[in-house]
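The primary structure of each chain is shown beneath.
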Amino acid sequence: MGLKHCHFFSVCDGHGQNGREVSGLLKHRLPFHVENQMKRVLGTHDFTKEYPASQKVFDALLEAFVISNDEVKGMQQDTRYR
């Protein structure tokens with residue numbers, strides 16, 4: 001997408017006894033999914049002319065979080081917070 005000065009920050013905490021493993025997975029996978037979904041939704045958008053519609057950005061972020069959450073649920077470790 002060629003965006004300069006674009007950053008993604010997240011805090012992933014509170015995933016039970018195996019929180020370190022969950023955070024480790026999310027640290028690597030969530031930014032990957034965010035980038036892929038942004039490219040999918042906004043890949044042809046011309047950022048030099050206008051900002052993208054906020055709903056498109058929201059949809060891309062939501063899908064990235066859904067995919068990441070599915071990966072967490074698929075982990076072999078117990079990820080429930082008790």
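Here, the structure is the one placed above.
Conventions used here
Residues numbered from 1 in each chain as written. Predicted model: local features only at pLDDT ≥ 70, side-chain atom pairs only at ≥ 80, totals over all residues. Heavy atoms only, no water. Core = buried A, V, L, I, M, F, W, Y, C linked by side-chain atoms within 4.5 Å. Buried < 20%, exposed > 50% of the residue type's maximum accessible area, 1.4 Å probe, protein only. Helix = DSSP H or I, 4+ residues; strand = E, 2+ residues; numbered from the N terminus. Patch = residues over 30% accessible without salt bridge, like charges linked within 9 Å, V, L, I, M, F, W, Y side chains within 5 Å. Areas by Shrake-Rupley, 256 points an atom, 1.4 Å probe, with all protein chains shown as cover. Salt bridge = Lys/Arg side-chain N within 4 Å of Asp/Glu carboxyl O. Contact = heavy atoms within 4.5 Å.

What follows is about the nonpolar core. When a protein is soluble and globular, its nonpolar side chains tend to lie buried together. Judged by nonpolar contacts, Leu30, Val34, Met38, Leu42, Ala60 and Ala64 together constitute the single largest core of six residues. Taken together, the elements giving at least two residues each to this core come down to helix H1 (19-42) and helix H2 (54-73). Top element by residues in this core is H1. It accounts for four residues.

Moving on: a nonpolar patch on the surface. Residues Phe58, Leu62 and Val66 make up a contiguous nonpolar surface patch of about 270 Å² in total accessible area. Turning to its location among the elements, Val66 is positioned in helix H2. Given the relative accessible area of 36%, Val66 is considered partly exposed.

Once that is clear, we can look at the side chain of Gln37. Position of Gln37 relative to the elements: it lies in helix H1. Not counting chain neighbours up to four residues away, the residues in contact with Gln37 comprise Ala60, Glu63, Ala64 and Ile67.

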